[in-house]
Amino acid sequence: MAHQLTISDDTYATIAVLAKDRGQSPEDLAMQLLKRQVEAEWESACAQYDNLTASPEWQRMEAAAEAETAADVGDYYDSDDALKKAFEQHG
């Protein structure tokens, strides 16, 4: 599926000059530049999640979960039927 984008005459003229210098068509260069920029923006958007575990909030929640695990806090059921029964009793 193809889509068209509208750009200003000035922008097209700049792309045309750059493309000529590189021996490319303006369309090919525009696609190359657009793809490069979109990929950079996507990487930047995803990077915020790369360091998620380094955030103080994440570390606080992780420490609390580890403390609960160490303290053996939680409900454990011997079977699926026992778990189902608990759900039925508590709604």
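First things first, this report covers the structure right here in the doc.

What counts, and at which threshold
Residues numbered from 1 in each chain as written. Predicted model: local features only at pLDDT ≥ 70, side-chain atom pairs only at ≥ 80, totals over all residues. Heavy atoms only, no water. Helix = DSSP H or I, 4+ residues; strand = E, 2+ residues; numbered from the N terminus. Rg over C-alpha atoms; globule rule 2.2 N^0.38 Å. Buried < 20%, exposed > 50% of the residue type's maximum accessible area, 1.4 Å probe, protein only. Areas by Shrake-Rupley, 256 points an atom, 1.4 Å probe, with all protein chains shown as cover. Lys, Arg positive; Asp, Glu negative; His and termini not counted. Charge placed at Lys NZ, Arg CZ, Asp CG, Glu CD. Salt bridge = Lys/Arg side-chain N within 4 Å of Asp/Glu carboxyl O. Axes fitted to C-alpha atoms, helices over the stretch in contact; angles between N-to-C directions. Parallel < 35°, antiparallel > 145°, perpendicular 65-115°, else oblique. Contact = heavy atoms within 4.5 Å. Expected span 1.5 Å × (residues − 1).

Counting secondary structure elements, the protein contains 4 helices and 0 strands. Its C-alpha atoms give the protein a radius of gyration of 28 Å, more than 25% over the compact-globule value 12 Å for 91 residues. Buried residues in the protein amount to 5% of all 91 residues. Taken as a whole, the protein presents about 8400 Å² of accessible surface, with 54% of it coming from carbon and sulfur. Looking at charge distribution, the protein has the averaged site of its 7 positive side-chain charges lying 7 Å from that of its 19 negative ones.

Attention now goes to the pattern of salt bridges. Pairs can form between side chains of opposite charge once their charged atoms are near each other. Tallied over the entire structure, the rule returns 2 salt bridges. For the salt bridge of Lys35 with Glu39, the shortest nitrogen-to-oxygen distance reads 4.0 Å. Taken together, the residues Lys35 and Glu39, both in helix α2 (residues 26–50) and 4 residues apart, mark about one turn of the helix. On the basis of relative accessibility, which here comes to 44%, the residue Glu39 falls in the partly exposed class. Arg60 serves as the salt-bridge partner of Glu57, at 2.8 Å between the closest nitrogen and oxygen.

Running from amino to carboxyl end, helix α1 (residues 9–22) crosses α2 at an angle of 100°, the nearest separation of the two axes being 8 Å. Here α2 runs roughly perpendicular to α1, going by the angle between their axes. Residues Tyr12, Ile15, Ala16, Leu18, Ala19 and Arg22 of α1 touch α2, and the partners they reach there are Pro26, Glu27, Leu29, Ala30 and Gln32.

Another aspect to go through is α1. Relative to the 20 Å expected for 14 residues at 1.5 Å per residue, α1 spans 20 Å between its end C-alpha atoms, a close match to the ideal helical length. Looking at the residues trailing α1, positive phi occurs at Gly23, about 75°.

The values are spatial; any link to function lies outside them.
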